[in-house]
Amino acid sequence: FTLVFITAGLVYEAEHRVNPQFQDFFSALYFSLVALSTVGFGDFAPVTAAGRTATCVSIIVGLCIIPYQASLVASAIAEEQRRNDDAEGRIRQDNAEALLTQLERSRAQLAWDAARIAELEDLEREERSRIAALEEEARASADERRQS
């Protein structure tokens, strides 16, 4: 926008006394915007050498500055995207590490549970054997009482 306003001021100063098309600053601003955007309607045109020179210089400067500024914007967008991608990568890595830690805890818990189940199964077998022995002893004792 700075280039548009500078061009408008230069063209207005060069043209407003001799060119009836540039009687106010807004007309010069309109011309600058149309000229620098390369639309070029042709409804306004500078007639003085100073006006034409200011227009030519501003167009050449615009052709240099606008792509440069566009490249800065593109670089800034690319850098922001890279930062976002890096942040997402760190988040994914942190999430993966947290998941791995949770899986290791789960695996340890499962191993402990399996050992406890095996221990309880051994206790159950021992208890069943003891109950079977007691039942056998009780039957033998009942058989002896019947026979006596």
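Summary of the structure given here. Throughout this document, residue positions are counted from 1 along each chain, in the order its sequence is written. Residues qualify for local features only when their pLDDT is at least 70, as the model is predicted, and side-chain atom pairs are given and counted only at 80 or more; totals for whole chains, interfaces and linings, by contrast, use all residues. Hydrogens and water are ignored here; the side-chain numbers use all heavy atoms of the structure.

### A short note on the side chain of Glu 15
No. 1: Only DSSP runs of H or I with at least four residues qualify as helices, and only runs of E with at least two residues qualify as strands; both kinds are numbered from the N terminus onward. Take Glu 15: it is sitting in helix H1 (residues 2-15).
No. 2: One buried charged residue, Glu 15, remains without a salt bridge, the closest side chain of opposite sign being Arg 52 at 6.5 Å.
No. 3: Should any heavy atoms of two residues lie within 4.5 Å, those residues are counted as being in contact. Sequence-distant contacts of Glu 15, that is, excluding residues within four places in its chain, are made with Phe 22, Pro 46, Val 47, Thr 48 and Gly 51. Three exposure classes are used, based on accessible area relative to the maximum for each residue type with a 1.4 Å probe and protein chains only: buried under 20%, partly exposed in between, and exposed over 50%. By the counting rule applied here, Lys and Arg register as positive and Asp and Glu as negative, while His and the ends of each chain are not counted. Any carboxyl oxygen of Asp or Glu that lies within 4 Å of a side-chain nitrogen of Lys or Arg is treated as forming a salt bridge with it.

### Remarks on helix H2 (residues 25-36)
No. 1: For H2, spanning twelve residues, the distance from its first C-alpha to its last is 16 Å, which sits close to the expected 16 Å at 1.5 Å a residue.
No. 2: By the burial criterion, the buried members of H2 are Ser 27, Ala 28, Phe 31, Ser 32, Val 34, Ala 35 and Leu 36.
No. 3: Of the surrounding elements, those touching the buried residues of H2 are H1 and helix H3 (49-147).
No. 4: Directly beyond the C-terminal end of H2, a positive phi value near 60° is found at Thr 38. For a helix, the expected span equals 1.5 Å multiplied by the residue count minus one.

### Structural notes on the packing of H1 against H2
No. 1: Under this scheme, a helix contributes an axis fitted over its contacting stretch, all axes are lines through C-alpha atoms, and angles between N-to-C directions fall in the 0 to 180 degree range. Look at H1 against H2: their axes get within 8 Å of each other, and the N-to-C directions meet at 125°. Looking at the two axes, H1 sits oblique to H2. Where H1 crosses over H2, the handedness of that crossing is right-handed. Within the contact between the two elements, H1 uses Leu 3, Val 4, Phe 5, Thr 7, Ala 8, Gly 9, Val 11 and Tyr 12 and H2 uses Phe 25, Ala 28, Leu 29, Phe 31, Ser 32, Leu 33 and Leu 36.
No. 2: Of the residues belonging to the contact of H1 with H2, the class tally is twelve nonpolar, three polar and no charged. Should an angle lie under 35 degrees it is considered roughly parallel, over 145 roughly antiparallel, and from 65 to 115 roughly perpendicular; all remaining angles are considered oblique. Here is the rule for handedness: rotate from the far helix to the near one, and if that takes an anticlockwise turn smaller than a right angle the crossing is left-handed, while a clockwise turn gives right-handed. The classification used treats Ala, Val, Leu, Ile, Met, Phe, Trp, Tyr, Cys and Pro as nonpolar, Asp, Glu, Lys and Arg as charged, and all other residues, Gly among them, as polar.

### Some details on the nonpolar core
No. 1: Here the nonpolar core consists of buried residues drawn from Ala, Val, Leu, Ile, Met, Phe, Trp, Tyr and Cys, with membership extended through side-chain atoms lying within 4.5 Å. Core analysis: the largest hydrophobic core is formed by seven residues, namely Ala 8, Val 11, Phe 22, Ala 28, Phe 31, Ala 35 and Ala 54.
No. 2: Among the secondary structure elements, those contributing two or more residues to this core are H1 and H2.
No. 3: Ranked by residues supplied to this core, first place goes to H2 with three residues.
No. 4: In this structure Ala 28 touches Ala 8, Tyr 12 and Phe 22, once residues within four positions along its chain are discounted.

### Re the packing of aromatic side chains
No. 1: For this analysis, a ring pair means two rings from Phe, Tyr or Trp (six-membered ring only for Trp) whose centres lie within 6.5 Å, classed as stacked if their planes differ by under 30 degrees, edge-to-face if by over 60, and tilted for the remaining angles. Summed over all chains, the structure comprises four aromatic pairs.
No. 2: For the ring pair Phe 22 and Phe 44, a centre distance of 5.6 Å and an interplane angle of 65° mean the geometry is edge-to-face. Of this pair, Phe 22 sits in the loop between H1 and H2 while Phe 44 is found in the loop between H2 and H3, placing the two residues 22 residues apart along the sequence.
No. 3: Exposure remark for Phe 22: the relative accessible area of 0% places this residue in the buried category.

### Focus on H3
No. 1: Over its 99 residues, H3 extends 143 Å from the first C-alpha to the last, a length consistent with the 147 Å expected when each residue adds 1.5 Å.
No. 2: What we call the bend at a residue is the angle made by axes fitted to the seven residues finishing there and the seven residues starting there. Gly 62 marks the point of greatest bend in H3, at about 25°.
No. 3: Inspection of H3 places Gly 51, Ala 54, Thr 55, Ser 58 and Gly 62 among the buried residues, and these make up the whole buried set.
No. 4: In the core, the buried residues of H3 are packed alongside H1 and H2.

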